[in-house]
Amino acid sequence: MSTATSNADDTRTIVTGKASDFRARRAGSRNREQLVSWVFLAPFLIAFVLFLAWPIIHGIYLSFTDQSLTGAGGGFVGFANYAEALTDPIMWQSMWNTVWFTLLSTVPLVAIALLMAALVDRGLPGQWLWRLSFFMPYLLASTVISQIWVWIFNPQIGAANNILEFFGLEPLAWLQNPETNMISIVIATVWWTVGFNFLLYLAAMQNIPAQQYEAASLDGAGAWRQFWSITLPQLGPATVLILILQILASLKLFDQAYQMLGGVASDTTRSIVQYIYEAGFVSYRFGYSAAISYVFFALIVILGVVQALISRRRKEQF
């Protein structure tokens, strides 16, 4: 009995030892996998902290100070910058200019892109040429686009006034007139950026099964009926995406307006981003500039929440 008990104990010890060794090896392997994972994540985390997290935190701190670009100030002022921003008529005018530009540009940028994509998708002759011409302006820098349209809108030699005169209309001071300068910027922006939305719509259209169009043709549906009953309904998700991206892009209006007007601030074209720039780098008020930027950020968040709620209700209805 004692020998059998001893052998059983030895066997149990060996099994326990092997199990312990297995757990130890497994734990060591898991630790090595975690270490390798952190090594691969480290570059992203470092870049995230340096270029996103830290600027956001530092910007929030600056918004509560009177920090100046000259190095003066820096003292804590609490919510004074935010209180001033909320009562600043120039900030609210700049905010309205930005919203107005967004309203004016978003509709044509979506509608024209949809039309362009439909023409190409339905077999327009020379598709490669049309795709290239539709998308090419989007590849150009904002400085190039601005200079092109400054020439086009030139009151004396510009093509825009030549077209008006051809139709018997009076020439306009496109960029100098407060009544037309925002429209001029919208026209230039639509020509510049519509190619991106065109590609998104074209990709979405090409994902629609061809069998649906074939079945509709057999039932006697024409091109317009197919577009209205098949294409448009299935472009809903793409349209929502394009609208969101376009609104966010339009709210960041700065480059083309600043360059086309030669950096001259106008009450009808000054965007909120330009006013943030002016407050920080012209008036040297870094703290106030940061406060304006976070007021603008809060309004964008509110807009995003409202849009998400509307989208959720539409999904529930359907």
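- For the protein, an unreviewed UniProt entry supplies the name L-arabinose transport system permease protein AraP and the organism Microbacterium oxydans.
- UniProt, in its Sequence similarities (unreviewed entry) section for the protein, records the words "Belongs to the binding-protein-dependent transport system permease family."
- Taken from UniProt, the Subcellular location (unreviewed entry) comment for the protein reads in full: "Cell membrane".

1. Some points on the UniProt feature "transmembrane region" (unreviewed entry) in the protein
Step number 1: In this numbering, the UniProt entry assigns the feature "transmembrane region" (unreviewed entry) to residues 35-57, 99-120, 132-152, 182-204, 235-254 and 291-310.
Step number 2: This span, residues 182-204, is 100% helix and 0% strand, and a straight line between its end C-alpha atoms measures 32 Å.

2. Some words on the side chain of Ser250
Step number 1: Within the secondary structure layout, Ser250 lies in helix H10 (residues 236-251).
Step number 2: Ser250 sits in the buried class, given a relative accessible area of 3%.
Step number 3: Side-chain polar atoms of Ser250 contact the side chain of Ser105, separated by 3.1 Å.
Step number 4: For Ser250, the residues in contact, after removing those within four places along its chain, are Thr98, Phe101, Thr102, Ser105 and Thr106.

3. Comments concerning the packing of aromatic side chains
Step number 1: In the structure shown here, the tally under the stated rule is 21 aromatic pairs.
Step number 2: Centroid distance Phe254 to Tyr277: 5.8 Å. Interplanar angle 55°. Geometry classified as tilted. Of this pair, Phe254 sits in the loop between H10 and helix H11 (255-260) while Tyr277 sits in helix H12 (residues 272-282); the two residues are 23 residues apart in sequence, bridging distant segments of the chain.
Step number 3: Judged by its relative accessible area of 18%, Phe254 is buried.

Cut-offs applied
- Residues numbered from 1 in each chain as written.
- Predicted model: local features only at pLDDT ≥ 70, side-chain atom pairs only at ≥ 80, totals over all residues.
- Heavy atoms only, no water.
- UniProt positions renumbered as here; feature names shortened; annotations may be inferred.
- Helix = DSSP H or I, 4+ residues; strand = E, 2+ residues; numbered from the N terminus.
- Buried < 20%, exposed > 50% of the residue type's maximum accessible area, 1.4 Å probe, protein only.
- Polar contact = N/O pair within 3.5 Å; in protein donor to acceptor, adjacent residues only side chain to side chain.
- Contact = heavy atoms within 4.5 Å.
- Phe/Tyr/Trp six-rings, centres within 6.5 Å; stacked < 30°, edge-to-face > 60°.

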